[in-house]
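Inside the fold
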Amino acid sequence: MFIQWIKGIDWQKVGIPLAFFTLCFIFTLSSNKFLTVRNLTNVARQISILAFLSYGMTFVIVSGGIDISVGSAVSLISMVTGGMMVSSGNIPYGILMGILCGTLIGGANGLLVSLIQLPPFIVTLGTMTICSGVALLYADGMPIVGLPQGFGVIGSGYIGPIPIPVIIAFIFFLVSAFILRFTAYGRYVLAIGGNEEAVRLSGINTKLIKLIAYVLTGFLTGIGAVVLTSRIISGYPNLGLGMELQAIAAVVIGGGTLGGGYGTMTGTLFGVMMIGVIQNGLNILGVSSFVQMIVIGVIIITSVTYDVYRKKRLAE
Amino acid sequence: MKVALTPIIEMKEISKHFGGVQALREVSIDLYEGEILGIVGHNGAGKSTLIKILSGAYTADTGKIYFRGKEVEIRTPKDSKALGIETIYQHLALADNLNVPANVFLGREIKNRVGILDERSMEKETRQMLERLKLKISSLKVRVLKLSGGQRQCIAISRAVYFNAKILIMDEPTAALGVQETERVHDLMQHLKNEGIGIILISHDLHDVFKLSDRIAVMKNGVLVGIKKINETTKDEVLAMIILGKQEKPLKQN
């Protein structure tokens, strides 16, 4: 009976949370600093930025695309937000401009990928470099300081015991998960990842669906970047360095497949938490950040291996 | 079933050329309710061009199309679908990563008032549809990936039919399938025919065409060689028509 029970488990759903809680358990045993309210609150706040990027990345990856421009976009959005806020002295204006900037970057990616049908990797490699360049050009490579202090509330404030970024990230998690799981749009994103031609023949405007996925990513990246800019109350031209890879890693760890068709928002959220906890736990244990990079790399390869294995088994 | 006097679809003197190549020269075919019309011929005979004009992928240079006796214009795939003409493509037109109801309702999902997908209704309707078409699929919740090629092709076909197709165009529907799987698709075609749906079947397999069709249209080099009733012809005769492109007096000496 026990064996039956084991066989009945859907590892695809259980595997990631199980790994996550095992990891938490190990860190708890290894250090008494890990399982404290203060530390966990801190981790939650840190990963909330990555969460925004990863939600968007989930849509894009599930639809069969990729967006490696989000990291550089964060840098550029940070500069735009900071610049606009300083020049106007108006906090909401700066925030809006930042989110708009992100949405436009997403729109540009989406148009190039869906209308002109360029490969997403190449397109976003291009926009990544462009965003990086513009971000550095914006203030000649210097950070933008002197933002209104009130702006810092978004990144550093609390509602009750919970950091505001965590609350925003959670709300957007619910919205994103809802879209992917319960709406026709989400269904089309998954279907396109599975067989784009079939979706097109069903009379669905696949180009529009893909365009929206990139726009969503840009929009969410905009929000993440604004929150992060608020946290440091300055525009910083290298703010998002390497974040695209973390976001992709989060989606893949969470069960999303590069090439499309599979992935859930809950999985991605666990992927994000996994990355956050690993970094935090290893920090607490005094493991250098260089070694952390290696650990995360190994985890990515492991989850992709598992994914490939699973696909093979399904195809039998 | 074959008593209807006007054909459900009639293509009259259709011509089409691509650059200097005359792909079709005044080809006329018709199809009745509950009939399977096989179209055979070598590659480049114009079969695909002909059905692509019917499905709206191409437009004819000259010629007319009548739907139930009334002249219609088919300029886009949408026009064709609006008339109840559905095309089943050679490759499987399903998203393998989704389950059966999701595929059946792809592009016409049932939603509740706030726009949330109504999975339960879609599953229920899918079950009813499969029952009506006598298709057995153990679990609707599995990804289509886990089903056999024949089951998938059947789902693609029934999906087209379920949404009020009157005419099915099938281009090599079983080319990628094994014997048993082919049998499954054939059963479904027979069933659909009995329900009064007209089917145009393009196939290289003369055996299949003879088994399923009521009439056979033979094409060669963009010209209709002839249309034969299945019980008034033989495989040899049809083969001769395919090869010689002539109707009278085929190779009968040996």
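Residues numbered from 1 in each chain as written. Chains lettered and ligands numbered in written order. Predicted model: local features only at pLDDT ≥ 70, side-chain atom pairs only at ≥ 80, totals over all residues. Heavy atoms only, no water.

Some thoughts on the overall build of chain A
Keep this limit in mind: Numbering goes from the N terminus for both helices and strands, where a helix is a DSSP run of H or I of at least four residues and a strand is a run of E of at least two. In this setup the radius of gyration rests on C-alpha atoms only. A globule is expected at 2.2 Å times the number of residues raised to 0.38. Should any heavy atoms of two residues lie within 4.5 Å, those residues are considered in contact. Within this scheme the basic residues Lys and Arg register as positive and the acidic residues Asp and Glu register as negative, but His and the chain ends are omitted. To locate a charge, the coordinates of NZ of Lys, CZ of Arg, CG of Asp or CD of Glu are taken.
In terms of regular secondary structure, chain A is built from 13 helices and two strands. Its C-alpha atoms give chain A a radius of gyration of 20 Å, within 12% of the compact-globule value 20 Å for 316 residues. Dimensions of chain A, computed from C-alpha atoms along their principal axes, come out at roughly 65 × 55 × 35 Å. Taking contacts inside chain A between residues at least 6 apart in sequence as the whole, the part at least 24 apart equals 78%. Separation of charge centres in chain A, based on 15 positive and 8 negative side chains, amounts to 10 Å.

Description of the overall build of chain B
Here is the rule: Burial classification: accessible surface area is computed with a 1.4 Å probe over protein chains only, and a residue below 20% of its type maximum counts as buried, one above 50% as exposed, and the rest as partly exposed.
Looking only at helices and strands, chain B features eight helices and ten strands. By the compact-globule yardstick of 18 Å for 254 residues, chain B fits well, its C-alpha radius of gyration being 19 Å. Put simply, chain B has 254 residues, and 52% of those count as buried. Within chain B, counting contacts between residues at least 6 apart in sequence, those at least 24 apart form 65% of the total.

Things to note about helix α10 (residues 206–232) of chain A
Residue and element names in this part refer to chain A. Our working definition: In this analysis, the expected span of each helix is defined as 1.5 Å times one less than the number of residues it contains.
A rise of 1.5 Å per residue sets the reference length of α10, with its 27 residues, at 39 Å; its end C-alpha atoms lie 39 Å apart and thus fit the reference within 8%. The buried count for α10 comes to 20 of 27 residues, which makes it a mostly enclosed element. Once α10 ends, the next one or two residues include I233, with phi positive near 40°.

Some words on the confidence of the model for chain B
Residues and elements named next belong to chain B. To keep it simple, the criterion reads: Think of pLDDT as the predictor's per-residue confidence, scored from 0 to 100.
Within chain B, residue pLDDT values average 87, and 94% of them lie at 70 or more. Note that pLDDT drops below 50 for residues 250–254; the model gives that stretch five contacts with residues more than four away or on any other chain. Scoring the predicted complex yields pTM 0.84 and, for the interface, ipTM 0.84.

Some details on the sheet that holds strand β1 (residues 9–18) of chain B
All names here are of chain B. Selection criterion: The rule for pairing is simple: two strands pair if DSSP sees at least two bridges between them. Each axis is a line fitted through C-alpha atoms, and for a helix only the stretch in contact is used; angles between axes span 0 to 180 degrees, taken between their N-to-C directions.
The four strands lie next to each other as β2-β1-β4-β5, forming an open sheet whose pairing is antiparallel. Edge positions in the sheet fall to β2 (21–31) and β5 (70–72), since each has one partner strand and no second. On average, each strand axis in the sheet is tilted by 30° relative to the strand beside it, whichever way the strands run.

Here's the deal with the interface of chain B and chain A
Stated formally: By definition, the buried area sums, over both parts, the 1.4 Å-probe accessible area that each loses when the two are put together. Note on definitions: salt bridges are taken to be side-chain nitrogens of Lys or Arg within 4 Å of carboxyl oxygens of Asp or Glu. In protein, a polar contact requires one atom able to donate a hydrogen and another able to accept it; more generally it is a pair of N or O atoms within 3.5 Å, and residues adjacent in sequence count only if both atoms are side-chain atoms. Under the grouping applied here, Gly and all other residues not named as nonpolar or charged are polar, the nonpolar ones being Ala, Val, Leu, Ile, Met, Phe, Trp, Tyr, Cys and Pro and the charged ones Asp, Glu, Lys and Arg.
Contacts between chain B and chain A engage 24 residues on the former and 21 residues on the latter. Buried surface at the junction of chain B and chain A, summed over both partners, amounts to about 1800 Å²; 60% is from carbon and sulfur atoms. At the surface where chain B touches chain A, the tally comes to two salt bridges. For R181(A), the salt bridge goes to E119(B), with nearest N and O atoms at 3.3 Å. Counting the contacts that link chain B with chain A gives eight residue pairs in polar contact (both at pLDDT 80 or more). A per-class count over the side of chain B that touches chain A returns twelve nonpolar, four polar and eight charged.

Topic: the sheet that holds strand β9 (residues 215–220) of chain B
Residue and element names in this part refer to chain B. Pairing is mixed in the open sheet, where six strands are placed in the order β6-β7-β8-β3-β9-β10. Two strands lie at the open edges of the sheet, namely β6 (85–88) and β10 (223–229), each paired on one side alone. Each neighbouring strand pair of the sheet contributes to a mean axis angle of 20°, computed without reference to strand direction. One ladder, built from five bridges, connects strand β7 (residues 167–171) with strand β8 (residues 198–202); its direction is parallel. The residue bridging L168 from the neighbouring strand is I199, located in β8.

Side note on the pairing of strand β4 (residues 62–67) of chain B
All names here are of chain B. Pairing between β1 and β4: five bridges, direction antiparallel. Bridge assignment links M11 to a residue of β4, and that residue is I65. For β4 and β5, the ladder comprises three bridges, and the chain directions are antiparallel. When the sheet's bridge partners are listed, I65 is paired in β5 with V72. Here β4 folds back onto β5 in antiparallel fashion, the turn holding two residues, of which R68 has a positive phi close to 50°.

Some words on a nonpolar patch on the surface
To keep it simple, the criterion reads: By definition, no residue in a patch forms a salt bridge, and every one has over 30% relative accessible area; like charges are joined within 9 Å, nonpolar side chains (Val, Leu, Ile, Met, Phe, Trp, Tyr) within 5 Å. With residues, only the protein chains shown are counted as cover, and all accessible areas are computed by Shrake-Rupley using a 1.4 Å probe.
The grouping of L111(A), L115(A), I116(A) and L118(A) at the surface amounts to a nonpolar patch, some 360 Å² of accessible area in total. Secondary-structure assignment places I116(A) in the loop between α5 (91–114) and α6 (120–138).

Notes on the nonpolar core
Worth spelling out the cut-off: In these notes, a set of buried Ala, Val, Leu, Ile, Met, Phe, Trp, Tyr and Cys residues joined through side-chain atoms within 4.5 Å is what counts as a nonpolar core.
In terms of nonpolar packing, the biggest core is built from 119 residues, with Y55(A), I157(B), L168(B), M170(B), L192(B) and I199(B) touching the most fellow members. Ranked by residue count, the leading element in this core is helix α3 (residues 37–62) of chain A, at 13 residues. Other than its neighbours up to four places away in sequence, L168(B) contacts E86(B), I88(B), I157(B), A160(B), V161(B), L192(B), I197(B), G198(B), I199(B) and I200(B). With 27 residues, the next largest nonpolar core counts I8(B), I14(B), I74(B) and I202(B) among its residues.

What about the packing of helix α8 (residues 164–182) of chain A against α10(A)?
All names here are of chain A. Heads up, the rule is: In what follows, roughly perpendicular refers to angles from 65 to 115 degrees, roughly parallel to angles under 35, roughly antiparallel to angles over 145, and oblique to any angle outside these ranges.
For the pair α8 and α10, interaxial distance at closest approach is 11 Å and the crossing angle is 170°. As judged from the angle between their axes, α8 and α10 are roughly antiparallel. Listed contacts from α10 to P165, I168, F172 and S176 of α8 are F219, L220, I223 and V227.

Description of the pairing of β6(B)
All names here are of chain B. The side-chain alternation of β6 yields two buried faces, one formed by I85 and T87 and the other by E86 and I88. Pairing of β6 with β7, which is carried by four bridges, proceeds in the parallel orientation. By the bridge assignment for β7, T87 is matched with I169.

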